[in-house]
Protein chains: 2
Amino acid sequence: MAEELVGNVLVGQSGGPTAVINASLAGVVSEALNHECIEEVYGTLNGVLGILQEDLIDLAAESQQVIRGLRYTPGAALGTVRYKLKKQQDFERVLEVFKAHNIRYFFYAGGNDSQDTADKISKLAQQQGYELRVIGVPKTIDNDLVVTDHCPGYGSVIKYISTTIREIACDNAAMGQHDLVQIVEVMGRNAGWIAAGAALAKRRDHPHDAPHLILLPEVPFSGEKFVEDVKRVLKRERYCLIVVGEGLVDADGNYVAAADKTDAFGHAQLGGAAEFLQNLVEEGIPGVKARTVKFGMAQRAAAHCSSKADNDEAFLAGQAAVRAAVSGQTDKMVTLIRGDGDHYSVETGLAPLSEIANGVKKLPREWINEDGISMNFQFFRYAQPLIQGEVAVPYDNGLPSFAHLDKERVEKLLPAYEI
Amino acid sequence: MAEELVGNVLVGQSGGPTAVINASLAGVVSEALNHECIEEVYGTLNGVLGILQEDLIDLAAESQQVIRGLRYTPGAALGTVRYKLKKQQDFERVLEVFKAHNIRYFFYAGGNDSQDTADKISKLAQQQGYELRVIGVPKTIDNDLVVTDHCPGYGSVIKYISTTIREIACDNAAMGQHDLVQIVEVMGRNAGWIAAGAALAKRRDHPHDAPHLILLPEVPFSGEKFVEDVKRVLKRERYCLIVVGEGLVDADGNYVAAADKTDAFGHAQLGGAAEFLQNLVEEGIPGVKARTVKFGMAQRAAAHCSSKADNDEAFLAGQAAVRAAVSGQTDKMVTLIRGDGDHYSVETGLAPLSEIANGVKKLPREWINEDGISMNFQFFRYAQPLIQGEVAVPYDNGLPSFAHLDKERVEKLLPAYEI
């Protein structure tokens, strides 16, 4: 056991929200209150931006009802951020704020960019001899963090997508009097994890169930093969349900539907893969109608259809972060480790933030069938446990009732900071 | 009580599927089996097309488990159709098939085009002196059938949309560090019933909740006013969530995003209203990002998020159709009649098919606020009861488990018919 470190907690959320990032927040807050060495539990509004601007709230002042409600609330209750700390001055400011509020425990939920930020904050604190324990909480629907078996947020997005694919399939199969092509565009910039998850919609021993084609960024796209694949499926099924990841690339590695915009991290802003395919179908197969569905941000916010396994693990990851920090760990991210047994089990581990920060976990090529448009049993074995169980979202007057934080502000102690 | 008419039932489904049209089918089948005058219960595959081709199945041979499962299964289990009976010869063929199989009860679930077809079949039977009782079962997410207070299918689609809007709002509100415009496109060709339903996502006494702008076909669209509205909301909220019906029209009554395609009934095939608005925003408000969501056919298939009130009423409408026919009624459609009391209640009635067939119920202009972009208390009072209650969709291995008919074919008795 490390020496006891007495002080305050700060927790923040970063990057794109998920259906369960607030479950991790609930895990951090409820666990933090179990430890006497932790005095105050603060949240930063909009991640690092709230730290720079000293926009902190007192999470211990929130009602227990609200903290419990966070488990079922999508979005990021503290607000999130895509602002990237760039200047050395920004990092210095973070530490000033931490010192001013005696922050000794910093928990940051996010993907690899966010863990990189947490790592840099941690390193600077070490350089300055300021005792600070920094633990990252994994969060991303993209499932692309290295070391961890999977990421909280992923199970829920693929449960929602495969549920909806199964529903659309019932609808489209019923309309089999003219050839119908349905194109469903899902998120996934660099890897096909999300699109691959749609494969779960197929019933066991029903290989002809939708989705009929899954187009992944891992498999270079060929328009000719695509049109032939669609024709073959239409001949058999009278409808063809296609799932496409937004990051689909051609043989040269260029996005098929690239826009010229980029986000704050320099990533290309995508969109339009579905319309791209729609045009190919309607031009390549005369008389066939193609329709598109684009879940957009709805897919990462679908708490009403989230996975209980995912929700439980997100909560667990928040708790584990606090326990690790209290026991003396720092500069690590919580990971999920899958047990070896026949029955799915998971426990938490830790990995260095620096290792997480800049890695990207690709969908294994050997989990994709040779046809390049479907997933094999290895993927099913991996993904099936992640969507198990339904979450009892509380309903009020016919709609999910989500938690809203009171956000009692912590008094500012420092002069304002120019962003 | 009319004279007892002994014979067989034929039930069919027509038009776009909904989350609850199979609940109506379950209502017809389970009620039919209660009446001794009904001998066989057949279903036609793909509506009138299955009649022309004598593609009938024996619904009494299906397991009770499957019939129960229909209550929670989206799509149209019998298959649906958009084929329109045109020639007199087609109608003659329908009656030939009815006579060959001693069909004395015909139940047809669909919207106004389908009720028109049912009406014409009924009239021809009367002309020919063939005793046949025809009762329509209302079905349409569009909620545009006249006489009936509302249509089975509508409550579920607006429950799904308002649930999802509330979720996207949690997500987008969390990202309030740069101005974000979110545009959600929903179905609704001629009327704004579906888009209006998104208003339910607002919590009581939270007028600033999303959706911030609802764009309805009933209110001629002005690009200038739209951009000003978006700017105003962004200033206040930092994000602006817009719901747009696909049938948005300009001051001249032209679709803002009209394509040049038409369906079998001559209706314009729409799509692209969201992208139209996205361009207006990005050109009109420099630096602002606009994102789109398009539920497409997912919205009418979302059984996992369907309304219990709607599901129960769809089942009831199926039962009521059978009871009406057995009691001697014909050439009518089942309607839903709302009770007068403070508490919502509904009972079924009947209206002439001819009255339903070619009417279209518009969203009352006086239910739209003067701002033209939000709904008033009259709409809330109307729509709120329709989304109450959640349906216990059975889950298996993490996903909804839907019913699939065995489809035991009825022996063909007539020569093939050329379509």
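Refer to the preceding data block for the structure.
My aim in this report is to walk through the structure given alongside it, one point at a time. (Residues numbered from 1 in each chain as written. Chains lettered and ligands numbered in written order. Predicted model: local features only at pLDDT ≥ 70, side-chain atom pairs only at ≥ 80, totals over all residues.)

**Some remarks on the overall build of chain A**
Stated precisely, the cut-off is as follows: Secondary structure is summarised from DSSP: a helix means a run of H or I of at least four residues, a strand means a run of E of at least two, and numbering begins at the N terminus for each. Here the radius of gyration uses the C-alpha set of atoms, whereas the globule reference equals 2.2 Å times the residue count to the power 0.38. For the exposure call, what matters is how many other C-beta atoms sit within 10 Å of a residue's own: 20 or more marks it buried, 12 or fewer exposed, and in between partly exposed, using C-beta atoms placed from the backbone. Contact criterion: two residues are in contact if their C-beta atoms, reconstructed from the backbone, are within 7 Å.
Helix and strand counts for chain A come out as 13 helices and 13 strands. Relative to the 2.2 N^0.38 estimate, which gives 22 Å for 419 residues, the radius of gyration of chain A is 23 Å and therefore close to what a compact globule would have. Taking the principal axes of the C-alpha coordinates as reference, chain A spans close to 70 × 45 × 40 Å. In chain A, buried positions account for 58% of the 419 residues. Within chain A, counting contacts between residues at least 6 apart in sequence, those at least 24 apart form 77% of the total.

**Notes on the sheet that holds strand E10 (residues 332-338) of chain A**
All names here are of chain A. The condition that has to hold: By this definition, two strands are paired if DSSP reports at least two bridges between them. Comment: axis = line fitted to C-alpha atoms, over the contacting stretch for helices; angle = value between 0 and 180 degrees taken between N-to-C directions.
Overall, mixed pairing links the seven strands, which are arranged E3-E2-E1-E4-E5-E10-E11 in an open sheet. The two strands at the open ends of the sheet, each matched to only one other strand, are strand E3 (56-58) and strand E11 (346-352). Strand after strand, the sheet turns through a mean of 30 degrees between neighbouring axes, direction not considered. Two elements, strand E5 (residues 133-138) and E10, share two bridges in a ladder whose sense is parallel. Bridge assignment links Ile135 to a residue of E10, and that residue is Lys332. Relative to the sheet, helix H11 (residues 308-326) contacts strand E4 (103-110), E5, E10 and E11, its axis offset from that of E5 by approximately 170 degrees.

**Things to note about the relation of the copies chain A and chain B**
We count it as follows: A residue counts toward the fit only if its pLDDT is at least 70 in both copies, and the copies are then superposed by least squares on the C-alpha atoms of those residues.
Mapping chain A onto chain B is achieved by rotating through 180 degrees and translating by 0.0 Å along the same axis, at an RMSD of 0.0 Å. The superposition operator between the copies reduces to a two-fold rotation axis. The rotation axis passes nearest to the C-alpha of A:Lys294 in chain A, at a distance of 2.4 Å. Interface overlap between copies is the fraction of interface residues in one copy that are interface residues in the other; for chain A against chain B it reaches 100%, indicating a shared surface.

**Let's talk about the interface of chain A and chain B**
Frequently, the measure chosen for interface size is the accessible area removed from exposure when the parts meet. Definition in use: For this classification, Asp, Glu, Lys and Arg are treated as charged, while Ala, Val, Leu, Ile, Met, Phe, Trp, Tyr, Cys and Pro are nonpolar and the rest, including Gly, are polar.
Contact with chain A, which involves 54 residues of that partner, is made by 55 residues of chain B. Mapped onto the side of chain A that touches chain B, the elements with two or more residues apiece are helix H6 (154-173), strand E9 (289-294), helix H10 (298-301) and strand E13 (399-400) of chain A. Looking at the side of chain A that touches chain B element by element, the count peaks at eleven residues for H6(A). For the side of chain A that touches chain B, the residue count by class is 26 nonpolar, 20 polar and eight charged.

**With respect to the sheet that holds strand E11 (residues 346-352) of chain B**
All names here are of chain B. Strand order in the open sheet made by the seven strands is E3-E2-E1-E4-E5-E10-E11, with mixed pairing throughout. In the strand order of this sheet, the two ends are held by strand E3 (56-58) and E11, each with one partner. Direction aside, neighbouring strands of the sheet carry axes that sit 30 degrees apart on average. Pairing geometry for strand E1 (residues 7-13) and strand E2 (residues 38-44), over four bridges, is parallel. Bridged to Val11 within E2 is Gly43. Contacting strand E4 (103-110), strand E5 (133-138), strand E10 (332-338) and E11, helix H11 (residues 308-326) crosses the sheet at an angle of about 170 degrees to E5.

**Topic: helix H5 (residues 112-127) of chain A**
Residues three or four positions apart in an α-helix share a direction because the helix packs 3.6 residues into each turn. Residues and elements named next belong to chain A. We apply this condition: What a helix is expected to span follows from its residue count: subtract one and scale by 1.5 Å.
With 16 residues, H5 extends 22 Å from end C-alpha to end C-alpha; this agrees with the ideal 22 Å at 1.5 Å per step. Where H5 is concerned, the buried positions are Asn112, Ser114, Gln115, Thr117, Ala118, Asp119, Ile121, Ser122 and Ala125. Considering only its buried residues, H5 is in contact with helix H2 (47-52), helix H4 (88-100), E4, E5, E10 and helix H12 (353-357). Phi for Gly129, located one or two positions after H5, is positive at around 70 degrees.

**Notes on the packing of helix H8 (residues 223-237) of chain B against helix H9 (residues 273-284) of chain B**
All names here are of chain B. Quick reminder of the rule: In this scheme, roughly parallel covers angles under 35 degrees and roughly antiparallel covers those over 145, while 65 to 115 is roughly perpendicular and the rest are oblique. Note: crossing handedness is left-handed where the near helix turns anticlockwise from the far helix by less than a right angle, and right-handed where it turns clockwise.
H9 packs onto H8 with a crossing angle of 65 degrees between their chain directions and a minimal axis gap of 10 Å. Between H8 and H9, the interaxial angle falls into the category roughly perpendicular. Crossing angle aside, the handedness with which H8 passes H9 is right-handed. Where H8 abuts H9, its residues Gly223, Phe226, Val227 and Val230 lie against Leu280, Val281 and Gly284. Class assignment of the residues belonging to the contact of H8 with H9 gives a composition of five nonpolar, two polar and no charged.

**Digging into the environment of B:Gln319**
Summarising the element assignment, B:Gln319 is placed in helix H11. Taking C-alpha positions, B:Gln319 is 11 Å from B:Leu33, a pair spaced 286 residues apart along the chain.

**Some details on the environment of B:Gly349**
All names here are of chain B. Here Gly349 is to be found in strand E11. On a C-alpha basis, the gap between Gly349 and Pro220 in space is 35 Å, while along the polypeptide they are 129 residues apart. In this structure, Gly349 is in contact with Thr335 and Ile337, ignoring residues within four places of it in sequence.

**Topic: the packing of helix H1 (residues 21-32) of chain B against H11(B)**
All names here are of chain B. One way to put it is that H1 packs onto H11 with a least axis distance of 7 Å and a crossing angle of 40 degrees. In terms of their interaxial angle, H1 and H11 are classed as oblique. At the point where H1 passes H11, the crossing takes the right-handed sense. Across from Ile21, Ala23, Ser24, Leu25, Ala26, Gly27, Val28, Glu31 and Ala32 in H1, the residues of H11 making contact are Asn311, Ala314, Phe315, Leu316, Ala317, Gly318, Gln319, Ala321, Val322 and Arg323. Class assignment for the residues of the contact of H1 with H11 results in twelve nonpolar, five polar and two charged.

So yeah, pure geometry; function would need other evidence.
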